[in-house]
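Summary of the model geometry
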Amino acid sequence: MTTTTAPRKTTSKAAARKAFAGTDPDTLRGYFRDMLFVRRFEERTAQGYTQAKIGGYCHLNLGEEATVVGLAAAMRPTDYLFTNYREHGYAIAKGIEPGRVMAELYGRTTGTSKGWGGSMHMFDTATRLLGGYGIVGGQLPLAVGAALAIDYRGGDDVVVCQMGDGTTNIGAFHESLNIAALWHLPVVFVVINNQTGMGTTVEQSSAEPDLYKRASAYRMRGERVDGTDVLAVRDIATELVEAARREGKPALLEAVSHRLKGHSVVDPAKYRSAEAVSTARESDPVARLQRELIAAGVLDEDTFAAIEAEVREEVDAAVAFADASPHPEPTSLFDYTYATPVAGESRRLPADPLF
């Protein structure tokens, strides 16, 4: 059975207060701060890329902040998270120090993967963020394997597996959902539907554009949520995660939001119409939550200014940490070629003599 969660409409002070009823004001301000932090961090990431401090591919969470924070709020610290290559915000929300995330983007040894992973391959066993995957859908079978390990050992942790909308059209998506449902594994699949997989709309690439409905093929619960509403994401994600934890019921959650920029930092997104760009800007989750919190009396301009200043200071500190961190030594180039020592392994650098 599949259901949908309608977007929240907040147009007045009374409506705003009603929408936030039952949630502690400090918690609400905390969600806003976390979302703002991801926004400012990603903006500095884009700046670092244009300054050639960050190399390779780089994909940002701009427009996805409510989903990032809402999912994190639904998880225990011991739950596992698998993501695709658009994962900087998720790494921070999972508890990795922002300086280490920025250092990884810079390719420095103090990064989460010692500079080897870069933007697309964040990994941290301490916080149980198990990737960062550059191959579309590469994380799904691994997430199911992690859920199988939890079930086999009798644990009560849950795996959350995030992906983009384009992933729902590849074989690994269907294979993973099938096994998860068949074996009753504790995994929640989360589709970030920003409505444009790279440069193609969901309607043009999917015969069934209501992606949450695909769960029904595997007798799995499917839900759609407004991905720009942090409380809506938190509430439905909590429900699904806890059902997976208690009863071994996997689920599929589709979070609908808008990508505020192109697919990657270097994508000018010329394929998007002016109307689509305007709609995305109007749906900005950070600006929306700020307006609603002010309307509800939870946030005022002075408090916002203080949060903004604090966030910018911490992001500046993360950039400074990355800038000051050392580059990997050329001699470490082959350190992770093999998991264990191999006799006769060549460690010759390009400029070294053959013999």
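Residues numbered from 1 in each chain as written. Predicted model: local features only at pLDDT ≥ 70, side-chain atom pairs only at ≥ 80, totals over all residues. Heavy atoms only, no water.

- The name that an unreviewed UniProt entry assigns to the chain is Pyruvate dehydrogenase E1 component subunit alpha, with the source organism given as Nocardia vinacea.
- Under Subunit (unreviewed entry), UniProt gives the following word-for-word description of the chain: "Heterodimer of an alpha and a beta chain." (UniProt positions renumbered as here; feature names shortened; annotations may be inferred.)

**Focus: the environment of Thr 83**
- Examined against the element boundaries, Thr 83 turns out to sit in the loop between strand S2 (80-82) and helix H4 (88-93).
- When its relative accessible area of 0% is taken as the criterion, Thr 83 is described as buried.
- Residues Thr 83 and Gly 117 lie 34 residues apart in sequence; the distance between their C-alpha atoms is 14 Å.
- Not counting chain neighbours up to four residues away, the residues in contact with Thr 83 comprise Tyr 90, Leu 129, Gly 131, Gly 132, Tyr 133, Gln 139 and Gln 162. (Helix = DSSP H or I, 4+ residues; strand = E, 2+ residues; numbered from the N terminus. Buried < 20%, exposed > 50% of the residue type's maximum accessible area, 1.4 Å probe, protein only. Contact = heavy atoms within 4.5 Å.)

**Regarding the side chain of Asp 267**
- Assignment of secondary structure puts Asp 267 in the loop between strand S8 (251-256) and helix H10 (274-282).
- Looking at Asp 267, its side chain comes within polar contact range of the main-chain nitrogen of Ala 269, at 2.9 Å.
- In this view, Asp 267 contacts Arg 259 and Gly 262; residues no more than four positions away in its chain are not counted. (Polar contact = N/O pair within 3.5 Å; in protein donor to acceptor, adjacent residues only side chain to side chain.)

**Quick word on the pattern of salt bridges**
- Tallied over the entire structure, the rule returns 29 salt bridges.
- Across the pair Arg 33 and Glu 314 runs a salt bridge whose closest N-O atoms are separated by 2.6 Å. With a gap of 281 residues between them, Arg 33 in helix H2 (residues 25-50) and Glu 314 in helix H12 (residues 301-324) connect regions that are remote in the sequence.
- Arg 288 is the salt-bridge partner of Glu 292, the closest N and O atoms lying 3.3 Å from each other. (Salt bridge = Lys/Arg side-chain N within 4 Å of Asp/Glu carboxyl O.)

**Observations regarding the UniProt feature "domain: Dehydrogenase E1 component" (unreviewed entry) in the chain**
- When the UniProt feature table is mapped onto this chain numbering, "domain: Dehydrogenase E1 component" (unreviewed entry) sits at residues 34-330.
- Taken end to end, residues 34-330 is 45% helix and 11% strand, and its first and last C-alpha atoms sit 37 Å apart.

**Focus on the packing of helix H6 (residues 139-153) against helix H7 (residues 171-182)**
- Relative to each other, H6 and H7 sit at 15°, their axes nearing to 8 Å. Classed by the angle they form, the pair H6 and H7 counts as roughly parallel. In terms of crossing hand, the pair formed by H6 and H7 is left-handed. Between H6 and H7, the residues in contact are Leu 140, Pro 141 and Val 144 and Ala 172, Phe 173, Ser 176 and Ile 179, respectively.
- Counted by class, the contact of H6 with H7 contains 6 nonpolar, 1 polar and no charged residues. (Axes fitted to C-alpha atoms, helices over the stretch in contact; angles between N-to-C directions. Parallel < 35°, antiparallel > 145°, perpendicular 65-115°, else oblique. Left-handed = near helix turned anticlockwise from the far one by under 90°. Nonpolar A, V, L, I, M, F, W, Y, C, P; charged D, E, K, R; others polar.)

**Re the nonpolar core**
- Among the nonpolar cores identified, the biggest contains 64 residues, and Phe 32, Phe 41, Met 102, Val 230, Leu 253 and Leu 293 are the most heavily contacted of them.
- Apart from residues no more than four positions distant in its own chain, Phe 41 is found in contact with His 88, Ile 92, Pro 98, Val 101, Met 102, Leu 105, Val 315 and Ala 318.
- Core analysis: the next-biggest nonpolar cluster, separate from the first, contains 27 residues, Tyr 80, Ala 143, Ile 150 and Phe 189 among them. (Core = buried A, V, L, I, M, F, W, Y, C linked by side-chain atoms within 4.5 Å.)

**Some points on the packing of aromatic side chains**
- In the structure shown here, the tally under the stated rule is 4 aromatic pairs.
- Ring centres 6.0 Å apart and planes at 50° place the aromatic pair Phe 32 and Phe 304 in the tilted group. Residue Phe 32 is located in helix H2, and its partner Phe 304 is located in helix H12; the two are separated by 272 residues in the primary sequence.
- On the basis of relative accessible area, Phe 304 is assigned to the buried category, the value being 16%.
- Ring geometry for Trp 116 and Tyr 336: centres 5.1 Å apart, planes at 90°, overall edge-to-face. With Trp 116 in the loop between helix H5 (98-105) and H6 and Tyr 336 in the segment after H12, this residue pair connects regions lying 220 residues apart in the sequence.
- Given the relative accessible area of 43%, Trp 116 is considered partly exposed. (Phe/Tyr/Trp six-rings, centres within 6.5 Å; stacked < 30°, edge-to-face > 60°.)

**With respect to the environment of Trp 116**
- Between the C-alpha atoms of Trp 116 and Glu 64, which are 52 residues apart in sequence, the distance is 26 Å.
- Residues within four places of Trp 116 in sequence aside, it is in contact with Glu 104, Ser 332, Leu 333, Asp 335 and Tyr 336.

**Observations concerning the environment of His 263**
- By secondary structure assignment, the location of His 263 is in the loop between S8 and H10.
- Judged by its relative accessible area of 10%, His 263 is buried.
- Residues His 263 and Asp 156 lie 107 residues apart in sequence; the distance between their C-alpha atoms is 36 Å.
- Leave out the neighbours within four places in its chain, and His 263 touches His 59, Tyr 85, Arg 86, Met 198 and Tyr 271.

**Topic: the pairing of strand S7 (residues 221-226)**
- Relative to S8, S7 runs parallel, the two being bridged by 6 bridges. Across the sheet, Val 225 pairs through a bridge with Ala 255, a residue of S8.
- Following the chain from S7 across helix H9 (residues 230-247) to the adjacent parallel S8, one finds a crossover that is right-handed. (Pairing = 2+ DSSP bridges. Right-handed = clockwise from strand over helix to strand, strands pointing away.)

**With respect to H5**
- Within H5, 6 of the 8 residues are buried, leaving the element largely enclosed by the surrounding structure.
- Where H5 is concerned, the buried positions are Gly 99, Val 101, Met 102, Ala 103, Glu 104 and Leu 105.
- Against the buried residues of H5 lie H2, H4 and H12.
- In the segment just after H5, Gly 107 is the residue with positive phi, at about 75°.

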